[in-house]
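Structural characterization, general
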Amino acid sequence: MLPDSSSIAVVPRPARVLPGEGAYVLSPATGLIHPPELAGEAAWLRGALGASTGCFLASGDGPGIELVLDADALPVEGYRLAVTAAGVEVRGGSAAGVFAGLQTLRQLLPADALRRGAVAAGPWAIPACVIEDAPVHAWRGVMLDVARHFLPKHEVLRFVDLMAVHRLNVLHLHLTDDQGWRFEVPAWPRLTSVGAWRTGSMRGSRQHEIFDDRPHGGFYTGADLREIVAYAAERHITVVPEIDLPGHVQAAVAAYPSLGAVPVDGVRTRWGGLSDGVLAPTDEALRFCADVLDQVCAIFPSPYVCIGGDEVPKGPWQAMGHPDPASLQGWFIGELAAMVIARGRRVFGWDEILAGGAPAGTLIGGWRADHGTIAAARAGHDVVACPDTSVYLDYRQGDHPDEPTPVGVLLTLADIYAFRPVPSELTEAEAARVLGGQAQIWTEFMDSGRRIDYMAYPRLCAFAEAVWSGPGDYAEFEGRLVSAHLARLDALGVEYRPLAGPHPWQTRPDAPGWPRERADREAELLELTKDIRGV
Ligand code: ACM
């Protein structure tokens, strides 16, 4: 029996689904027609469906699948997918729109169609329907911290594939931090020969002072990063690089001590608190930043370059005897922003950089609850909503004592689903400056792709729906997830968190956490954001 359109259960939820009669059955005879501009999308589809179904979609005029560009009739990332018993048409407002439509098409097939090899003989039936769809938000991002724990390149590529399944379109790569420098810069070789390695790591959150003595490290070469960028671009995902400056640089200072305001004790092995690893306000440090940004711009075509700017302690500048340490964060951000702009890119920084008066045209990552997003939009900046109390995926997803390394506030699947990038306090004009939302995956407590799977999925499915589809009914989403989408994640080999809680092997009794109450975290953030809220 072939599936009918009542079986349509796509994640993220399309804007409109009009059921039809019957189904199109994919077969080895199915052809694929496309204009030359969509050769990349056609190649992706052939690879994805050929491997799992044995239907390799030869070029041809016969009945089958047709890809069409239709910028006049459709929104830029929108698509219209029409399936009848005679064939399939995927029409997009751009190549990105067509690609989004192909992701939906893949979800209309049985879950086995998402595997990398054939396990079933079919029939590969696609229920007849018309689906019209477009995203609610342009920036549908995920920040991946590859500094706290290095994530091997093949895992990053796999992460990109999973983003594409969920129509997420910005991968913000947090490439450097106190605990590791992961970005090769030829003019400064010790950044990776020294700064990419540490002697051990804290296990669990900092309250417990437990350490292992297992060395950890790794970095990406320029070629690795170019490969990631190209692979993501084929999937209509922009990789936005972050070099976190002028704080969070203990690894760089361990490699080149003269860059630091004060000495540091090697590449950092502990989490939390603020490291003294802060750049000194010197010509050498500015030369270092310029060289790093040259290399960033040579590798990443992203229109945005993130210079970090978060959580910079003033103590090290005070300790070096600077007469006006309070002014140095604003001075550094001004210098770094000028370098980014001189290289033809737009500045992206965390919401702390609002305090020094970020230059016009800066994009802000509003992370301290909604305060950063509100302050940035009111100051006339474009902003991406990244609130830690809503979309930090390192935060615990259950209240159960078995939840692995439970830190931060409770962010259940339903909480993530309820995320709204645009704070209700904003006027319509201010709200228009919110480009979208971004989930953060800080990896202090995720030392492998398996751990990232557990923390990210299925919460990223809920996040994707919040930023692509907009508000929905959580119970209906959960129904779609359970009836159809978890089987897709299984087929894709994702070790997601079961809805009822962790499998025994997913617990971390050896790495205890520090759960926070929401009210306490919110009070803390209210205090920390006084300077950007103008109170
Ligand atoms: C951040 O969480 N420090 C951006």
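The sections below set out a description of the structure shown in this document. (Residues numbered from 1 in each chain as written. Predicted model: local features only at pLDDT ≥ 70, side-chain atom pairs only at ≥ 80, totals over all residues. Heavy atoms only, no water.)

1. Let's talk about the overall build of the chain
The number of helices and strands found in the chain is 18 helices and 23 strands. Relative to a compact globule of 535 residues, whose C-alpha radius of gyration would be 24 Å, the chain shows 24 Å and is just as compact. The C-alpha extent of the chain, read off along each of the three principal axes, is 75 × 50 × 45 Å. Within the chain, buried positions represent 59% of all 535 residues. Considering only intrachain contacts with a sequence separation of at least 6, the fraction spanning at least 24 residues in the chain is 72%. (Helix = DSSP H or I, 4+ residues; strand = E, 2+ residues; numbered from the N terminus. Rg over C-alpha atoms; globule rule 2.2 N^0.38 Å. Buried < 20%, exposed > 50% of the residue type's maximum accessible area, 1.4 Å probe, protein only. Contact = heavy atoms within 4.5 Å.)

2. Structural notes on the side chain of histidine 485
Inspection of the secondary structure puts histidine 485 in helix α16 (residues 474–492). You can call histidine 485 buried: its relative accessible area is 0%. A distance of 2.9 Å separates polar atoms of two side chains, one belonging to histidine 485 and the other to histidine 166. Setting aside its immediate chain neighbours within four residues, histidine 485 contacts Val11, Gln107, His166, Cys461 and Arg480. (Polar contact = N/O pair within 3.5 Å; in protein donor to acceptor, adjacent residues only side chain to side chain.)

3. Considering the nonpolar core
Grouped burial of nonpolar side chains is what soluble globular proteins tend to show. Counting 166 residues, the largest nonpolar core has Leu26, Leu171, Trp181, Phe183, Phe288 and Leu460 as the members making the most contacts within it. Per-element accounting of this core gives the leading share, ten residues, to helix α7 (residues 283–299). Excluding its chain neighbours within four sequence positions, the residues that come into contact with leucine 171 are Val142, Leu144, Val156, Phe159, Val160, Met163, Ile237, Thr238, Val239 and Val240. (Core = buried A, V, L, I, M, F, W, Y, C linked by side-chain atoms within 4.5 Å.)

4. Quick look at the pattern of salt bridges
Proximity of charged atoms lets side chains of opposite charge pair with each other. For the coordinates displayed, the defined rule picks out 33 salt bridges. Here arginine 508 and aspartate 510 are joined by a salt bridge, their closest N and O atoms 2.9 Å apart. Among the residues examined, aspartate 510 registers a relative accessible area of 35% and is labelled partly exposed. When salt bridges that share partners are traced, they join Arg13, Glu465, Glu476 and Arg480 into one network. (Salt bridge = Lys/Arg side-chain N within 4 Å of Asp/Glu carboxyl O.)

5. A word on the sheet that holds strand β4 (residues 64–69)
Pairing is mixed across the open sheet formed by seven strands, whose spatial order is β1-β7-β5-β6-β4-β2-β3. Either end of the sheet is taken by a strand with one partner, and the two such strands are β1 (16–26) and β3 (58–59). Inspection of the sheet shows strand β5 (residues 79–84) paired to strand β7 (residues 124–133) by five bridges, in the antiparallel sense. By the bridge assignment, arginine 80 is partnered in β7 with glutamate 132. Taken strand by strand, helix α2 (residues 95–108) contacts β4, β5, β6 (87–92) and β7, and its axis lies near 40° from that of β5. (Pairing = 2+ DSSP bridges. Axes fitted to C-alpha atoms, helices over the stretch in contact; angles between N-to-C directions.)

6. So, the packing of aromatic side chains
A complete count under the given rule lists 18 aromatic pairs for this structure. A ring pair is formed by tryptophan 331 and phenylalanine 332, whose centres lie 5.0 Å apart and whose planes are at 65°; its orientation type is edge-to-face. Ring centres 4.6 Å apart and planes at 20° place the aromatic pair tyrosine 417 and phenylalanine 477 in the stacked group. Of this pair, tyrosine 417 sits in helix α12 (residues 413–417) while phenylalanine 477 sits in helix α16; the two residues are 60 residues apart in sequence, bridging distant segments of the chain. The buried category is assigned to tyrosine 417, whose relative accessible area is 3%. Given the relative accessible area of 0%, phenylalanine 477 is considered buried. One aromatic cluster in this structure is built from Trp350, Trp367, Tyr392, Tyr395 and Trp442. Here arginine 167 stacks its cationic end above the ring of tryptophan 468, 4.7 Å away from the centre of that ring. One cation-aromatic arrangement involves arginine 235 over tyrosine 231; the distance from NZ or CZ to the ring centre is 3.6 Å. (Phe/Tyr/Trp six-rings, centres within 6.5 Å; stacked < 30°, edge-to-face > 60°. Lys NZ or Arg CZ within 6 Å of the ring centre and 35° of its normal.)

7. Some words on the state of the cysteines
All chains considered together, the criterion is met by zero disulfides. Of all cysteine sulfurs, the one in cysteine 306 lies closest to cysteine 297, which takes part in no disulfide; the gap is 13 Å. Accessibility expressed as a relative area gives 16% for cysteine 297, which makes it buried. Cysteine 461 takes part in no disulfide bond, and the closest cysteine sulfur, belonging to cysteine 386, lies 19 Å away. (Disulfide = S-S within 2.5 Å.)

8. Concerning the environment of histidine 34
Looking at where histidine 34 falls in the secondary structure, it is placed in the loop between β2 (31–33) and α1 (39–53). Separated by 56 residues in the primary sequence, histidine 34 and valine 90 place their C-alpha atoms 9.8 Å from one another. The contact partners of histidine 34, leaving out residues within four places of it in the chain, are Ala39, Ala42, Arg46 and Leu67.

9. Description of the environment of alanine 358
Along the chain, alanine 358 turns up in the loop between β18 (346–350) and β19 (363–366). Expressed as a C-alpha distance, the spacing of alanine 358 and proline 502, which sit 144 residues apart in the sequence, is 43 Å. Not counting residues up to four positions away in its chain, the partners in contact with alanine 358 are Ile353, Ile364 and His381.

10. A short note on the side chain of glutamine 107
Positionally, glutamine 107 belongs in helix α2. If sequence neighbours within four positions are ignored, glutamine 107 has contacts with Ala9, Val10, Val11, Val165, His485 and Arg488.

11. So, the sheet that holds strand β16 (residues 238–245)
The strand order around the closed barrel built from eight strands is β8-β9-β16-β17-β18-β19-β20-β22, with neighbouring strands paired in parallel fashion. Each neighbouring strand pair of the sheet contributes to a mean axis angle of 30°, computed without reference to strand direction. Looking at chain direction, β18 and β19 are connected through three bridges and run parallel. If you follow tryptophan 350 over to β19, its bridge partner there is glycine 365.

12. Comments concerning helix α9 (residues 328–342)
Counted at 1.5 Å a residue, the expected span for α9 with its 15 residues is 21 Å, and the 21 Å between its end C-alpha atoms agrees. Every buried residue of α9 is accounted for by Leu328, Gln329, Phe332, Ile333, Leu336, Ala337, Met339 and Val340. Projection of α9 onto a plane perpendicular to its axis shows the buried side chains occupying an angular sector of 160°, all on one side. Those residues of α9 hidden inside the fold are in contact with β16, α7, β17 (304–308), α8 (315–319) and β18. (Expected span 1.5 Å × (residues − 1). Arc of directions from axis to C-beta.)

13. Looking at the environment of threonine 221
Mapping threonine 221 onto the fold places it in the loop between β15 (216–217) and α5 (222–234). Take threonine 221: its relative accessible area is 27%, and that puts it in the partly exposed class. Sequence separation of threonine 221 and phenylalanine 183 is 38 residues, and the distance between their C-alpha atoms is 6.8 Å.

14. Topic: the pairing of β17
Moving residue by residue along a regular strand, the side chains alternate between the two faces of the sheet. Counting buried positions along β17 gives five out of five residues, so the element sits mostly inside the fold. In β17, alternate side chains face the same way, and those of Tyr304, Cys306 and Gly308 on one face and Val305 and Ile307 on the other are all buried. Pairing analysis gives two bridges linking β16 to β17, with the strands arranged parallel. Bridge pairing in β17 places leucine 245 opposite glycine 308. With three bridges joining them, β17 and β18 adopt parallel strand pairing. Each residue of the ladder has a partner; that of valine 305, found in β18, is valine 347.

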